[in-house]
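# Chains, contacts and geometry: an overview
Residues per chain are reported as follows:
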Amino acid sequence: MSHKITDHKKQITFLLALSMLGSSASAQGTVKVGVLHSLTGTMSISEITVANAAQLAIDQINAAGGVMGKKIEVVKEDGASDWPTFATKAEKLLTQDKVVTVFGGWTSASRKAMLPVFEKNKGLLFYPVQFEGNECSPNIIYTGAQPNQQALPALEWALSKGYKNIFLLGSDYVYPRTANLILKKHIAAKGAKLAGEEYVALGGTEFSSVINKIKAAKPQIIINTLNGDSNVSFFKQYQAAGYSATTLPVISFSIAEQEAQSIGPALLTGQYATWNYFQSLPNPTNKKFVAAYQAKYGKNAAITDPMAHAYMDVYLWKAAVEKAKSFEPSAVRKAIVGISMDSPLGKITVAANGSLTQAVYTGQSGAGGQFKVIGQSKGVVTPQPYDALTFPGKSCP
Amino acid sequence: MDSVFLFGQLFTGLSVASLLLLTALGLALSFGLMRVINMAHGEFLMVGGYLTFLAAQAVGPGFLWLAFPLAFVGTALLGALLEATVIRRLYGRPLDTLLATWGISLILQQAARQIFGSTGVPVTAPPWLNGAVTIHGGPLDSLTFPYVRLFVIVLALVVLGGMWWLLNRTRFGMHVRAVNQNREVASILGVNTRRLDLLVFALGAGIAGIAGVGLAMLSPVNPTVGAAYIVNAFLVVVVGGVGSVLGAGAAALLLGFVTALAEGLTSSSLAQATLLILVVVFLQWKPRGLIPTQSRALEEG
């Protein structure tokens, strides 16, 4: 009996040793990161392609040998367009899968849901979409445009073209309301006129009253922060009412190449959008990115600003890891400040507040849903999470 | 509020009413006359929209002559298929029907996603519908009536008229009304109620298909568009009086003008809340709706 027990013990010790060998071997070979976007539900239209762009960057990095000698292993989770789900999935990625960083989120609601999870678990989130500012968590890298990198440059462009009477139209949630709050302050400060302001429920399809109000207010330009499918209804009904880009131009913050395709390029011809990136940007890094994405996901795939940000975020993380010589989130967060690279967006640098110093472009929609760049910021724009005019005295630590 | 804005809002009311009516008529048939709570009704609208897109792909800008018959026949066949395979087996079990049709709506949405992708497809109104009637001079100077909206109003009137004629002036309609009043007696008197159920459900679906063509010119065509309309369609049916086609017409007008008034005076998002509150209050006052129908089937329910 006794020697049998020893046999068992030996076997167990052997197995234990084997399993430890195995786990340390895999720890040596790969490093886990999370990709957390809505793969189902109403936001999946926009977020699937953003997840694809992050995956493309990860595949490219792995093909070139990985990060610090380790292959990146992706744990993909579905936020399902449901904000509490984003929080649970983020918790799962950080505590069970033990990922070293997460790339994800689109709506401000999903980001706000994930923020406490990342702060509690000392994780790191790369957030690729333009947003309303007013937030700076040490655990989030906000690479999309701050208000002063999209909304305000758009206003300045409109004023420079002589459009002094402005109508603000948006979906009814935090981003359009905050962006317009900031815009109103600047419209007043610049001596321009606010013709009117109107919000339609997210997903709303009826714009008859709104167009009637626009007609009564007689603005020279509309600044549009509608999100999602409401844009399709709005542009169809705006055109039916006899408006066009020449009679009443619209400058939009949530319409990129992909949205242009689904709205129908014919409806959008001549309209404007402001972003940090357009598919048509001529820099060589972008040409390579567009070619690689279309080779993998279809040769007519549209590429948008949040996709370019998501793609670049992975490379930014890699650069920060290599600079820190560590995968540890707080070390990466420290190292990422000051990193500068040539990206599809052009030259970008990470500022101390974790956002990007990046250029701003105004594009005009043409045939095929592509935008032609017609305006550009003077050099790059430093990110300001808090607008000085609207929220005086507030700033990031 | 100047007079141009006021008349503009009146036209908005009429336009919203026509959309409400188009989306609700098919539902009034299946919900009212057959007591089937069809949660997949919005998806019939969506299918109509996609068939419009296919028609536009096939014949180019002048697609409407093809889109209407294609959407009507296509969705009617789909409706008939669902009636024969699922809904027929659930008559008299309203909660099961509710659940089953909701499941069907999810399946149809996912099917649209698989076939056409999750991004919507572009449908634009034919060129002859681009433009608007504009009043020049006088107190109503620059008041405009877009052709597309006028077209949808006419479409709603034609469909409403056609349905009223069908229900009140034909033998088929007499059978429908007879079954609605007392299914057993109608059956004893020789009405083939099974066949009638199939036809009524298919007709309701077909009308939703026609509505889908109209909607495609003003709204997006994508997998989730049906969900945007289903709540308002149910509102119209309930306010109008369950089972009443003319009631649906009256309710659509009422809700359309209330919406336009509330949107004119306040903002779009506040107007939606106002409308829902008013409907709740109205149903406290008149729980059977504007024009209630006398029906034994409904009393039993």
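Residues numbered from 1 in each chain as written. Chains lettered and ligands numbered in written order. Predicted model: local features only at pLDDT ≥ 70, side-chain atom pairs only at ≥ 80, totals over all residues.

It is a general feature of regular strands that their side chains alternate between the two faces of the sheet. All names here are of chain A. Counting buried positions along strand E14 (residues 361-365) gives 4 out of 5 residues, so the element sits mostly inside the fold. Where strand E10 (residues 272-275) meets E14, 4 bridges bridge the pair, whose relative direction is antiparallel. Looking across to E14, one finds that Trp275 is bridged to Tyr361. Direction of pairing for E14 relative to strand E15 (residues 371-376): antiparallel, over a ladder of 5 bridges. Opposite Tyr361, over in E15, you have Gln376 as the bridge partner. A loop of 5 residues connects E14 with E15, the two strands running antiparallel in sequence, and Gly368 in this loop sits at a positive phi of about 75°. (Buried ≥ 20, exposed ≤ 12 C-beta atoms within 10 Å, placed from the backbone. Helix = DSSP H or I, 4+ residues; strand = E, 2+ residues; numbered from the N terminus. Pairing = 2+ DSSP bridges.)

Attention shifts here to the interface of chain A and chain B. Taken together, the contact pairs 33 residues of chain A with 31 residues of chain B. Among the elements that take part in the side of chain A that touches chain B, helix H7 (residues 208-217) of chain A stands out by supplying 6 residues, more than any other. The residue inventory of the side of chain A that touches chain B, partitioned by class, reads 12 nonpolar, 15 polar and 6 charged. (Contact = placed C-beta atoms within 7 Å. Nonpolar A, V, L, I, M, F, W, Y, C, P; charged D, E, K, R; others polar.)

Residues and elements named next belong to chain B. Here chain B averages 89 in pLDDT, and 96% of its residues register 70 or above. Across chain B, helix H3 (residues 64-85) holds the top mean pLDDT of 96, while helix H12 (residues 296-300) sits lowest at 51. The complex prediction reports pTM at 0.86, with the ipTM value standing at 0.85. (pLDDT = per-residue confidence, 0-100.)

On to helix H11 (residues 284-297) of chain A, then. Residues separated by three or four positions in an α-helix point in the same direction, a consequence of the helix having 3.6 residues per turn. Residue and element names in this part refer to chain A. With 14 residues, H11 extends 20 Å from end C-alpha to end C-alpha; this agrees with the ideal 20 Å at 1.5 Å per step. Within H11 the residues assigned to the buried category are Asn286, Phe289 and Tyr293. All buried residues of H11 project into a common sector of 60° when viewed along the axis, lining one side. Every exposed residue of H11 that faces more than 90 degrees away from the buried side is listed here: Pro284, Lys287, Lys288, Ala291 and Ala295. Looking at the buried residues of H11, the elements they touch are helix H2 (44-63) and helix H12 (305-324). (Expected span 1.5 Å × (residues − 1). Arc of directions from axis to C-beta.)

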